[in-house]
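Observations on the model geometry
Take a look at the letters that make up each chain.
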Amino acid sequence: MAKNKTTETAESVTDFINTVENEVKRNDAFELLKIMQETSGFEPKMWGPSIIGFGSYHYKYDSGHEGDAPLAGFSPRKTAITVYFYLPEEKRDELLPKLGKHTSSKACIYIKKLDDVDTEILKKIILLSIQYTQNLYPSK
């Protein structure tokens, strides 16, 4: 079984954000750090070299693959800030259209600037994603 590449590390979240070259994106990352910490109630940790995660859960798939992942997280990438989330389809359909200017995939929201989105809707998405994930993968 392959080992997960993205695991929690002891690297500094602040040091990582300070390496973000684009000033707007760096400032947005610090603001998103506050939003996610307040919303999740968890301290930020680095996961791999570029993901900032909050809390964690253990998953095990039917295939036998298992590991740990952050309950909530984001990464300030060059093209956009990626916010990781996990929601049932009906919640996605309800909340994503209200979020503001973004693009999304099955488990990611891509934001160019934090000013482009409604942070109250983003907080709702983060909280519901954490609750949904905790219900799917309850801690033992």
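All values reported here derive from a predicted model rather than from experimental measurement.

Criteria and cut-off values
Residues numbered from 1 in each chain as written. Predicted model: local features only at pLDDT ≥ 70, side-chain atom pairs only at ≥ 80, totals over all residues. Heavy atoms only, no water. Helix = DSSP H or I, 4+ residues; strand = E, 2+ residues; numbered from the N terminus. Rg over C-alpha atoms; globule rule 2.2 N^0.38 Å. Areas by Shrake-Rupley, 256 points an atom, 1.4 Å probe, with all protein chains shown as cover. Buried < 20%, exposed > 50% of the residue type's maximum accessible area, 1.4 Å probe, protein only. Contact = heavy atoms within 4.5 Å. Pairing = 2+ DSSP bridges. Axes fitted to C-alpha atoms, helices over the stretch in contact; angles between N-to-C directions. 1 Å grid on protein atoms, 1.4 Å probe; cavity = no way out; pocket = protein on both sides within 12 Å on 5 of 7 lines; lining within 4 Å. Points joined across faces, edges and corners; volume = space filled by probe spheres on them. Nonpolar A, V, L, I, M, F, W, Y, C, P; charged D, E, K, R; others polar. Parallel < 35°, antiparallel > 145°, perpendicular 65-115°, else oblique. Left-handed = near helix turned anticlockwise from the far one by under 90°.

**Describing the overall build of the protein**
Counting its secondary structure elements, the protein contains four helices and eight strands. Taking 140 residues into account, the globule formula puts the C-alpha radius of gyration at 14 Å, and the protein, at 15 Å, falls close to it. Taken along the three principal axes of its C-alpha coordinates, the protein extends 40 × 35 × 25 Å. Of the accessible surface of the protein, which amounts to about 8300 Å², a share of 49% is contributed by carbon and sulfur atoms.

**Comments concerning the side chain of Thr-133**
Here Thr-133 is to be found in helix 4 (residues 119-136). In this structure Thr-133 comes out as buried when scored by relative accessible area, which is 2%. Discounting residues that sit within four places of it in the chain, Thr-133 has contacts with Tyr-57, Leu-71 and Tyr-86.

**Let's talk about the sheet that holds strand 8 (residues 108-111)**
One open sheet holds the six strands; their spatial order is 1-2-5-6-8-7, and the pairing between them is antiparallel. In this open sheet, the two edge strands, each paired with only one partner strand, are strand 1 (44-47) and strand 7 (103-104). Where strand 7 lies against strand 8, two bridges are found, and the strand directions are antiparallel. Bridging from a neighbouring strand, Thr-103 pairs with Tyr-110 of strand 8. Running over the sheet, helix 2 (residues 23-40) touches strand 1, strand 2 (51-54), strand 5 (72-76) and strand 6 (81-84) and is turned about 175 degrees from strand 5.

**Here's the deal with the pairing of strand 1**
Relative to strand 2, strand 1 runs antiparallel, the two sharing four bridges. Directly across from Met-46, in strand 2, lies its bridge partner Ile-52.

**Some remarks on the layout of surface pockets**
The computed volume of the largest pocket comes to approximately 630 Å³. In terms of lining residues, the largest pocket is bounded by 27 residues, among which Tyr-57, Tyr-84, Phe-85, Tyr-86 and Ala-107 are the most central. A per-element tally of the lining of the largest pocket places helix 4 first, with three residues. In terms of residue class, the lining of the largest pocket is made up of 17 nonpolar, five polar and five charged.

**Comments concerning the packing of helix 3 (residues 89-99) against helix 4**
Two elements in contact, helix 3 and helix 4, have axes separated by 9 Å at closest approach and are oriented at 155 degrees. In this view, helix 3 runs roughly antiparallel relative to helix 4, as classed from their interaxial angle. The way helix 3 lies across helix 4 gives a crossing that is left-handed. Contacts between helix 3 and helix 4 pair Lys-91, Leu-95, Leu-96, Lys-98 and Leu-99 from the former with Ile-121, Leu-122, Lys-124, Ile-125 and Leu-128 from the latter. Looking at the contact of helix 3 with helix 4 residue by residue, the classes come out as seven nonpolar, no polar and three charged.

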